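Reading the structure
Listed here are the chains, written in short residue letters.
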Amino acid sequence: MIAIISNPNALRFKNEELKWIKRELEKNNCPVDVFFTQKPFDGTSITNRIGGKYEIIAAYGGDGIVNEIINGNLNGSALAVLPAGTTNVLAIELFGRVSINAALKAIIKKKTKKAYYGTINSRKFILMAGAGFDAESCLKVNERLKKRLGKLEYVFAGIKAYLSASNCFDIEVDGTRYKTLWAIISNARKYAGNFNISKETDIFTPSFDVLIFPCTHRIFGLPYSNGILFGGLHRVAPFVKHIITDRPIVISGKPHIQIDGDYMGRTDARIELAGAFNIVVP
């Protein structure tokens, strides 16, 4: 059997589409139960109740509901993704695009692969953890405007973060400490949609790709960070540290932190590879 945990507040949530997905799966001998979240972290609570009782637990929504599910006890159930959120980075990671049809076909095939996840202060993440500027941007996202504007609201939030005061912080990787404005600890190839952040690792590889943007005067922070990251120059720019590691990473100075695109808070952090689960793949 298959369980679908659905976030009705996701940007592209459509009740008719969800009913169609259920019908298509059941036509292909995949009985389905649907569960709806009503408040933050319901996905974790539901997963704790049903983990191990279903062959596959599918997330219908964005990367946020995926994160809630993996922070529950899957208990041997495989994770599947049915993209209906704002960015759906994990769907792009798996299928190369945001596609309900591709996701549905994958669930019907029931092919799975081991995917690795990390933890930050014991909270799990599958895509990335960010400290500093991009986490500050996540904090400033207006959820009401996000429903109307989609990805564009992240652009506005980034501008607001750029204009606000921010302190640099320390990050320690492989025994070396760096003073930084912005750090991304990536467990995936993709970032912020379809931008390629790493060629060295992905969710099927037990390692992190760490990008460290130096503690430069803030007036240069947004232009060079966006130009480098989204232009792909972060892989060759000499002033951006790029480190592949499977060892724990320590952040101090209590910067803003985000995980899988959702704001976590201001805190020191220890980030490490923590385990693996099965995920449905094409």
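Residues numbered from 1 in each chain as written. Predicted model: local features only at pLDDT ≥ 70, side-chain atom pairs only at ≥ 80, totals over all residues. Heavy atoms only, no water.

Here we take up the overall build of the protein chain. A tally of helices and strands in the protein chain yields 9 helices and 17 strands. The burial tally for the protein chain puts 53% of its 282 residues in the buried class. Counting only contacts in the protein chain whose residues sit at least 6 apart along the sequence, the fraction spanning at least 24 positions is 68%. (Helix = DSSP H or I, 4+ residues; strand = E, 2+ residues; numbered from the N terminus. Buried < 20%, exposed > 50% of the residue type's maximum accessible area, 1.4 Å probe, protein only. Contact = heavy atoms within 4.5 Å.)

The biggest cluster of nonpolar side chains holds 59 residues, and the ones touching the most others in it are Ile4, Leu90 and Ile126. Counting residues per element, this core draws most heavily on helix H5 (residues 100-109), at 6 residues. Once residues within four sequence positions are removed from consideration, Ile126 is found in contact with Val66, Ile70, Leu90, Ala115, Tyr116, Tyr117, Asn187, Ile203, Asp260 and Phe277. By size, the runner-up hydrophobic cluster in this structure holds 20 residues, among which are Ile185, Ile243, Ile249 and Ile257. (Core = buried A, V, L, I, M, F, W, Y, C linked by side-chain atoms within 4.5 Å.)

Listed in full, the buried residues belonging to helix H2 (residues 42-50) are Asp42, Gly43, Thr44, Ile46, Thr47 and Ile50. For H2, the elements touching its buried residues are strand E1 (2-6), strand E2 (32-36), strand E3 (56-61) and helix H3 (63-70). Just downstream of H2 lies Gly52, where phi reads positive at about 90°.

In the structure shown here, the tally under the stated rule is 1 disulfide. Linked covalently through their sulfurs, Cys168 and Cys215 form a disulfide whose S-S length is 1.7 Å. Around the S-S axis, the bridge from Cys168 to Cys215 shows a dihedral of about 95° and counts as right-handed. Note that Cys168 is positioned in the loop between helix H8 (152-163) and strand E8 (169-173) and Cys215 in the loop between strand E12 (208-214) and helix H9 (221-231), a separation of 47 residues in sequence. The partly exposed category is assigned to Cys215, whose relative accessible area is 33%. (Disulfide = S-S within 2.5 Å.)

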